[in-house]
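Here is what each chain is made of, one letter per residue.
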Amino acid sequence: MIKIAPSILSADFANLERDIRKVASADYLHVDVMDGCFVPNLTIGVPVVQSIRKCTDMFLDVHLMIDKPVRYIEAFAKAGADLLSVHLEADHPTRIAEALRLMEQCGVKKAVALRPITDARAILPYVEQLDLVLVMTVEPGFGGQAFMESQLETIRRVRLILEQYNPACELEVDGGISPKTAPLVKEAGANVLVAGSAIYNAADLPAAIAALR
Ligand code: DX5
Ligand code: ZN
């Protein structure tokens with residue numbers, strides 16, 4: 001089943017509750033956390049996730065684009081995240097493993113994310129315990145960028161690894177997803193599609209969500 005995860009990075013932050021309600025027909029709500037260090041942009045922190053949790057029952061898929069994410073796992077879990085994804089490039093493998101252990105302890109779903117430069121095989125040390133793998137299809141940091149077609153190969157490779165070691169694990173893609181690129185990523189093996197601008201820039205948001213499915 002294909003799941004759609006609208007990214008609130010493209011929402012109006014002054015009207016966040018209104019803009020979250022507009023995407024209630026989607027499956028996950030994608031929340032982009034950026035620290036101005038791992039990526040050259042600053043966005044959402046723990047208090048905002050806490051407030052979002054109070055105004056929606058949607059599944060909160062929190063994408064941590066921050067250095068040394070192990071420092072913030074408990075805080076985001078307590079704030080109400082349902083799933084946390086940590087970037088494999090954001091710390092040493094032992095501390096990525098520790099971040100996953102904390103997620104398990106806090107009862108949130110566990111995910112790792114890959115920048116475009118990162119090889120699919122980088123998930124191998126963790127694959128059996130993951131609930132989701134996030135493959136970036138743009139350089140993380142900003143919404144509205146062009147889809148990187150070269151990432152289709154990474155999606156295929158991750159799908160092959162998951163088939164072998166963890167078939168229940170979800171495969172999410174993020175960046176430049178539109179009605180044009182959605183069929184390509186689905187064909188390559190993705191089953192969760194994040195979309196910011198393709199949904200929030202549309203006149204009819206439920207129709208834009210349906211078009212991606
Ligand atoms: C980018 C973020 C994405 C972003 C996607 O670093 O991780 O979630 O919101 O935006 P679009 O769909 O506009 O490429
Ligand atoms: Zn994201």
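Residues numbered from 1 in each chain as written. Chains lettered and ligands numbered in written order. Predicted model: local features only at pLDDT ≥ 70, side-chain atom pairs only at ≥ 80, totals over all residues. Heavy atoms only, no water.

How do you make sense of the overall build of the protein when you look at a structure like this?
Of regular secondary structure, the protein possesses eight helices and eight strands. Over its C-alpha atoms the protein spans a radius of gyration of 16 Å, differing by no more than 12% from the 17 Å that the globule rule assigns to 213 residues. Considered along the principal axes of its C-alpha atoms, the protein spans approximately 45 × 35 × 30 Å. Here the protein holds 213 residues, and 54% of them are scored as buried. Sequence separation of at least 24 residues holds for 64% of the intrachain contacts in the protein that already meet a minimum separation of 6. Only carbon and sulfur atoms are counted for the fraction: they give 52% of the accessible area of the protein, which is about 9200 Å². For the protein, the separation between the mean place of its 21 positive charges and that of its 27 negative charges on side chains is 2 Å. (Helix = DSSP H or I, 4+ residues; strand = E, 2+ residues; numbered from the N terminus. Rg over C-alpha atoms; globule rule 2.2 N^0.38 Å. Buried < 20%, exposed > 50% of the residue type's maximum accessible area, 1.4 Å probe, protein only. Contact = heavy atoms within 4.5 Å. Areas by Shrake-Rupley, 256 points an atom, 1.4 Å probe, with all protein chains shown as cover. Lys, Arg positive; Asp, Glu negative; His and termini not counted. Charge placed at Lys NZ, Arg CZ, Asp CG, Glu CD.)

I keep staring at the coordination of the zinc ion (ligand 2) and nothing clicks. Help me out?
Geometrically, a metal with four donors at the corners of a regular tetrahedron has ideal angles of 109.5 degrees, and one with six donors at the corners of a regular octahedron has ideal angles of 90 or 180 degrees. The coordination sphere of the zinc ion (ligand 2) contains the protein donors H30 (NE2), D32 (OD), H63 (ND1) and D174 (OD), at a distance range of 2.0 to 2.3 Å. Coordination at the zinc ion (ligand 2) comes from six donor atoms whose angles at the metal span 70 to 169°, giving a geometry best classed as octahedral. Motif for the zinc ion (ligand 2), donor spacing along one chain: H-x1-D-x30-H-x110-D. Of this pair, D32 sits in strand β2 (residues 28–34) while D174 is found in strand β7 (residues 170–174), placing the two residues 142 residues apart along the sequence. (Donors = N, O, S within 2.8 Å, 3.2 Å for Na, K, Ca; no water. Tetrahedral: all angles 85-135°; square planar, octahedral: opposite > 155°, others 65-115°.)

So what exactly am I meant to see when it comes to the pairing of strand β6 (residues 132–136) here?
Strand residues, when the strand is regular, have side chains that alternate between the two faces of the sheet. Across the five residues that make up β6, a large majority, five, are buried. Here β6 shows a buried face lined by L132, L134 and M136 and a second buried face lined by V133 and V135. The handedness of the β6 to β7 crossover, carried by helix α5 (residues 151–165), is right-handed. (Right-handed = clockwise from strand over helix to strand, strands pointing away.)

Mind showing me how you'd approach the site of ligand 1 here?
Of all residues adjacent to ligand 1, which total 20 residues, the nearest are S7, G141, D174, G196 and S197. Here an oxygen atom of ligand 1 sits 2.8 Å away from a polar atom, N or O, in the main chain of G144. In the environment of ligand 1, an oxygen atom lies 2.7 Å from a nitrogen or oxygen atom belonging to the side chain of D174. Protein chains bury 100% of the 380 Å² of accessible surface belonging to ligand 1 in isolation. When atom positions are compared with the pocket grids, ligand 1 is found to occupy the largest pocket. Residue contributions to the shell around ligand 1 peak at three residues, all from β2. (Near = heavy atom within 4 Å. Polar contact = N/O pair within 3.5 Å; in protein donor to acceptor, adjacent residues only side chain to side chain. 1 Å grid on protein atoms, 1.4 Å probe; cavity = no way out; pocket = protein on both sides within 12 Å on 5 of 7 lines; lining within 4 Å. Sits in = over half its atoms within 2 Å of the grid points.)

This is a description of form; function is not addressed.
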